[in-house]
Amino acid sequence: MRPEASAPPYVGRFAPSPTGLLHAGSLVAALASWLDARAHGGRWLVRIEDVDTPRCQPGAAEAILRQLDACGLQPDDPPLWQSARGPAYEAALRQLVEAGTAYPCACSRRDIEAAWAARGRQPERHGELPYPGTCANGLHGRPARAWRLRLPADARVVWHDRRLGAQSQDVAHAVGDFVLRRADGLWAYQLAVVVDDAAQGITHVVRGEDLADNTPRQCLLHQALGLQPPLYLHTPLVLGGNGEKLSKQNGAAPLELDTPQAAVSALRLAATALGLPAGDAATPAGALAGWVPAWRGLYNASPIRDLSR
Ligand code: GLU
């Protein structure tokens, strides 16, 4: 059998958290993931990442889907909603617990700080302290609050990003045994994203660079669950006037896309952030069609033929 005969066909995705509407920064990730899928002749899916329910805004998911539609970015399947995926996350956690690679944890943030303070280390500004491993060998009678992944003895992950190139992170040093299910009972982003990328057959993840340092954790989790990690490409971030990444948290304006002209202007800004020419198309569909070959040239994304069909 020729090696490419077993290569999976391309499946990509855009996975917004409905904590607000799409803004100029999140449209960049949406557009890039769509272009990469189309440039590879692949499929493009949308997943609504509504696991962190206290942060979700009512109606935001539906509004995001309308914004995508106004930009001509229509998913090839109906969106997957993480709020309906509890049983799949539960099964993955059970698999890890049975394998001894997940354990319950009783520590609060304050406990973690106290454990590090006892070793003379203070939290860095804005920085989270890595988990010191207090509960790795048992709860010692304390009540379980969260569940964590037990890292392998060598947790240095070396991976290749299609835009950023060679990357590496020692996950033990950067974050330690990380949370899979939070103390409030909600599923952690890391677990949900890995379980769902696998369930949706995602072969290529294209998302914003702010998520790049989550990738090593996700690679370890794929490995612990016996799954093949996708390929990754992290897109440039759009910065606001203050030089910080545009985000809902720092008040990025939701995109208003109620006319084709407004949608084309928003898409053009996103395209130029990705290094594509703005072009002069008058409709979203025309603009998108023009960027597919340009994207192919930038990111070496040639069509993948699904030889299994
Ligand atoms: N839901 C995440 C976000 O909106 C994206 C997750 C991902 O693409 O892996 O930031």
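1. A closer look at the pairing of strand 5 (residues 146-149)
- The pairing of strand 4 (residues 102-105) with strand 5 spans four bridges and is antiparallel. Across the sheet, Ala 102 pairs through a bridge with Leu 149, a residue of strand 5.
- Sheet topology note: the strand 5/strand 8 (residues 179-181) ladder contains two bridges and is antiparallel. Bridge pairing in strand 8 links Trp 147 to Arg 181.

2. Concerning the sheet that holds strand 5
- Pairing in this open sheet of three strands is antiparallel, and the strands run 4-5-8 from one edge to the other. The two strands at the open ends of the sheet, each matched to only one other strand, are strand 4 and strand 8. Neighbour-to-neighbour, the strand axes of this sheet turn through a mean angle of 40 degrees, independent of strand direction.

3. Focus: unusual backbone geometry
- At His 140, a residue that is not glycine, the phi angle is positive and equals roughly 50 degrees.
- What makes His 140 exposed here is its relative accessible area of 67%.

4. Focus on the nonpolar core
- Counting 39 residues, the largest nonpolar core has Leu 27, Leu 31, Leu 68, Leu 73, Trp 291 and Trp 295 as its most contacted members.
- Mapped by element, the contributors of at least two residues to this core are helix 1 (24-39), strand 2 (43-48), helix 2 (60-70), helix 8 (260-273) and helix 9 (284-299).
- Sorting elements by how many residues they give to this core places helix 1 first, with 10 residues.
- Each residue touching Trp 295, except ones within four places of it in the same chain, is listed here: Ala 32, Leu 35, Asp 36, Ala 39, Leu 233, Leu 274, Leu 276, Asn 300 and Ala 301.
- In terms of nonpolar packing, the next biggest core, distinct from the first, is built from 30 residues, Ala 92, Leu 151, Val 194 and Cys 219 among them.

5. Re the packing of helix 1 against helix 9
- Running from N to C, helix 1 and helix 9 cross one another at 75 degrees; their axes reach a closest spacing of 9 Å. The pairing of helix 1 with helix 9 is recorded here as roughly perpendicular in orientation. Listed contacts from helix 9 to Leu 31, Ala 32, Trp 34, Leu 35, Asp 36, Arg 38 and Ala 39 of helix 1 are Leu 288, Trp 291, Val 292, Trp 295 and Arg 296.
- For the contact of helix 1 with helix 9, the per-class residue count stands at nine nonpolar, no polar and three charged.

6. Description of the packing of helix 6 (residues 189-199) against helix 7 (residues 215-224)
- At a minimum axis distance of 10 Å, the contact between helix 6 and helix 7 shows a crossing angle of 60 degrees. Put simply, helix 6 runs oblique to helix 7. For helix 6 against helix 7, the interelement crossing comes out right-handed. In contact with Tyr 189, Gln 190, Leu 191, Val 193 and Val 194 of helix 6, helix 7 contributes Arg 217, Gln 218, Leu 221 and His 222.
- Among the residues making up the contact of helix 6 with helix 7, the classes are represented as five nonpolar, three polar and one charged.

7. Quick notes on the environment of Leu 255
- Along the chain, Leu 255 turns up in the loop between strand 10 (231-235) and helix 8.
- When its relative accessible area of 18% is taken as the criterion, Leu 255 is described as buried.
- The sequence separation of Leu 255 and Leu 191 amounts to 64 residues, and the corresponding C-alpha distance is 30 Å.

8. Describing the environment of Gly 86
- Considering the arrangement of structural elements, one finds Gly 86 in helix 3 (residues 86-98).
- Owing to a relative accessible area of 23%, Gly 86 belongs among the partly exposed residues under this scheme.
- With 35 residues separating them along the chain, Gly 86 and Val 51 place their C-alpha atoms 9.0 Å apart.

9. Focus: the environment of Leu 80
- In this structure, Leu 80 sits in strand 3 (residues 80-81).
- Relative accessible area serves as the criterion here: at 22%, Leu 80 is assigned to the partly exposed category.

10. Here we look at the packing of aromatic side chains
- Taken as a whole and judged by the stated rule, the model has three aromatic pairs.
- A ring pair is formed by Trp 295 and Tyr 299, whose centres lie 4.3 Å apart and whose planes are at 40 degrees; its orientation type is tilted. Residue Trp 295 and its partner Tyr 299 are both found in helix 9; the two are separated by four residues, about one turn of the helix.
- Above the face of the Trp 116 ring, Arg 119 is positioned so that its terminal group lies 4.9 Å from the ring centre.
- Between Arg 181 and the ring centre of Trp 187, over which it is positioned, the NZ or CZ distance is 3.9 Å.

The rules we used
- Residues numbered from 1 in each chain as written.
- Predicted model: local features only at pLDDT ≥ 70, side-chain atom pairs only at ≥ 80, totals over all residues.
- Heavy atoms only, no water.
- Pairing = 2+ DSSP bridges.
- Helix = DSSP H or I, 4+ residues; strand = E, 2+ residues; numbered from the N terminus.
- Axes fitted to C-alpha atoms, helices over the stretch in contact; angles between N-to-C directions.
- Buried < 20%, exposed > 50% of the residue type's maximum accessible area, 1.4 Å probe, protein only.
- Core = buried A, V, L, I, M, F, W, Y, C linked by side-chain atoms within 4.5 Å.
- Contact = heavy atoms within 4.5 Å.
- Parallel < 35°, antiparallel > 145°, perpendicular 65-115°, else oblique.
- Nonpolar A, V, L, I, M, F, W, Y, C, P; charged D, E, K, R; others polar.
- Left-handed = near helix turned anticlockwise from the far one by under 90°.
- Phe/Tyr/Trp six-rings, centres within 6.5 Å; stacked < 30°, edge-to-face > 60°.
- Lys NZ or Arg CZ within 6 Å of the ring centre and 35° of its normal.

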